[in-house]
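Listed here are the chains, written in short residue letters.
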Amino acid sequence: MGNRLAGKKAFITGGAQGLGLAMGKMFMEEGADVTLTDIQVDKVSEAAESIGAAAGIEHDVTDPQAWADALAAANEQMDGINVLVHNAGIGSWGSVESESLEMYRKVMAIDCDSVFIGSQAAMPYLKDHQPGSIIIISSVAGLMADGNYLAYNTAKAGVAMMSKSIALHCARSGLQIRSNSIHPVFTRTAIIDPMIQLKGSQEAGEKALTRNIPMKRLGEPEEVASMATYLASDESKFVTGTEFRIDGGITACGVGSK
Ligand SMILES: NC(=O)c1ccc[n+]([C@@H]2O[C@H](COP(=O)([O-])OP(=O)(O)OC[C@H]3O[C@@H](n4cnc5c(N)ncnc54)[C@H](O)[C@@H]3O)[C@@H](O)[C@H]2O)c1
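What comes next is a walk through the structure. Just so you know, these numbers come straight off a predicted model, no measurement behind them.

## What to know about the overall build of the protein chain
Per the secondary structure count, the protein chain includes 8 helices and 7 strands. For a compact globule of 258 residues, the expected C-alpha radius of gyration is about 18 Å, and the protein chain comes in at 18 Å, within 12% of that figure. In terms of overall dimensions, the protein chain has C-alpha extents of about 50 × 40 × 40 Å along its principal axes. Taken across its 258 residues, the protein chain has 50% of its residues classed as buried. Here the analysis covers contacts within the protein chain between residues at least 6 apart in sequence; of these, 70% occur between residues at least 24 apart. About 12400 Å² of surface is accessible on the protein chain, with carbon and sulfur atoms providing 53% of the total. The average position of the 21 basic charges and that of the 30 acidic charges among the side chains of the protein chain differ by 10 Å.

So, in structure tokens, the structure goes:
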């Protein structure tokens, strides 16, 4: 147990499992108050209880009214909000030829538009409890493309740039509110299960997913949570508008790199 996040009041979306839950747990261990939200209502309540969080709230990040309600409830529970983690997300497998418009719109709504809706809705709370930090879970897919990740690539690149725009607006308005994006490579959570299963076994799936990662392994949720803890804390108080890769070296690779 530490106190790097003493006085921090964090609102984390997609907190029922995976990276959201790992961040919530580490934030709690570092002295923050935490509210987890998720579209999976039972699971987010259990998750919140398991880490001793202030609240676990049902919240669909595509719905502006749900944002207003969830933020108001979290503000009430924690007596403020000064860390906002946009983590809820879905994957999608489809190319310019195979992706459906319906799925494209769904991915953009959950992975990209929600970050605008939620950041705008949270600004009054963040302004009231400065210094504040917005942390956006993008992906290496926001920095490098795959022919079969059309919608996901587009959404994750979009939020990386959105983060910079938010950061610049806040800094130039004299607000002590920072915004940064985190870009993990394949990390051990449920979101990669369909890709593992495609290969027939856990071992074959992991081998395929890690083939191009120089460090030759998946990321662990705690490795992403560590970066989020730094960005939530005042240790990063001069850090805004930038992106952090947790990727075993994959985005360092150039042509011919092995
Ligand atoms: N695990 C990885 O390999 C990896 C890599 C890069 C980026 N990411 C990103 O990390 C974030 C967290 O994903 P994860 O790996 O923990 O996967 P996960 O599937 O375990 O968790 C995603 C969570 O988002 C929630 N969610 C989905 N749609 C929602 C909605 N409309 N409203 C509210 N909540 C919703 C889900 O219920 C789930 O709890 C995502 O944005 C994902 O794109 C993951």
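## Quick word on the packing of helix H1 (residues 18-29) against helix H2 (residues 41-51)
Two numbers describe how H1 lies on H2: the axes approach to 10 Å, and their chain directions differ by 25°. The angle between H1 and H2 places the two elements in the roughly parallel class. In this structure, H1 meets H2 at a crossing whose hand is right-handed. Within the contact between the two elements, H1 uses Leu 21, Gly 24, Lys 25 and Met 28 and H2 uses Ala 47, Ser 50 and Ile 51. Grouping the amino acids of the contact of H1 with H2 by side-chain chemistry returns 4 nonpolar, 2 polar and 1 charged.

## As for the site of the ligand
Inspection of the region around the ligand gives 29 residues, with Leu 19, Asp 38, Tyr 152, Thr 187 and Thr 189 positioned closest. Between the ligand and Tyr 152 there is a distance of 2.6 Å, counted from an oxygen atom to a side-chain nitrogen or oxygen. Contact between the ligand and Thr 189: an oxygen atom at 2.5 Å from a side-chain N or O atom of the residue. When the free accessible area of the ligand is taken as 830 Å², the share hidden by the protein chains comes to 93%. For the shell around the ligand, the secondary structure elements donating two or more residues are H1 and helix H5 (150-172). When the residues that make up the shell around the ligand are grouped by side-chain class, the tally is 15 nonpolar, 11 polar and 3 charged.

## Re the pattern of salt bridges
All told, the structure shown has 7 salt bridges when counted by the stated rule. One salt bridge connects Glu 235 with Arg 4, and the closest N-O pair in it is separated by 2.8 Å. With a gap of 231 residues between them, Glu 235 in the loop between helix H8 (221-232) and strand E7 (243-246) and Arg 4 in the segment before strand E1 (9-12) connect regions that are remote in the sequence. Using a relative accessible area of 43% as the deciding quantity, one classes Glu 235 as partly exposed. Assessed through its relative accessible area of 35%, Arg 4 is described here as partly exposed. Put simply, Arg 188 and Glu 220 hold a salt bridge, and the shortest N to O gap is 3.2 Å. Taken together, the positions of Arg 188 in the loop between strand E6 (177-184) and helix H6 (193-198) and Glu 220 in the loop between helix H7 (202-210) and H8 put the pair 32 residues apart, joining distant regions of the chain. Looking at Arg 188, the relative accessible area reads 37%, which means it is partly exposed. Several salt bridges converge on common partners, so that one network encompasses Arg 188, Glu 206 and Glu 220.

Parameters at a glance
- Residues numbered from 1 in each chain as written.
- Predicted model: local features only at pLDDT ≥ 70, side-chain atom pairs only at ≥ 80, totals over all residues.
- Heavy atoms only, no water.
- Helix = DSSP H or I, 4+ residues; strand = E, 2+ residues; numbered from the N terminus.
- Rg over C-alpha atoms; globule rule 2.2 N^0.38 Å.
- Buried < 20%, exposed > 50% of the residue type's maximum accessible area, 1.4 Å probe, protein only.
- Contact = heavy atoms within 4.5 Å.
- Areas by Shrake-Rupley, 256 points an atom, 1.4 Å probe, with all protein chains shown as cover.
- Lys, Arg positive; Asp, Glu negative; His and termini not counted.
- Charge placed at Lys NZ, Arg CZ, Asp CG, Glu CD.
- Axes fitted to C-alpha atoms, helices over the stretch in contact; angles between N-to-C directions.
- Parallel < 35°, antiparallel > 145°, perpendicular 65-115°, else oblique.
- Left-handed = near helix turned anticlockwise from the far one by under 90°.
- Nonpolar A, V, L, I, M, F, W, Y, C, P; charged D, E, K, R; others polar.
- Near = heavy atom within 4 Å.
- Polar contact = N/O pair within 3.5 Å; in protein donor to acceptor, adjacent residues only side chain to side chain.
- Salt bridge = Lys/Arg side-chain N within 4 Å of Asp/Glu carboxyl O.

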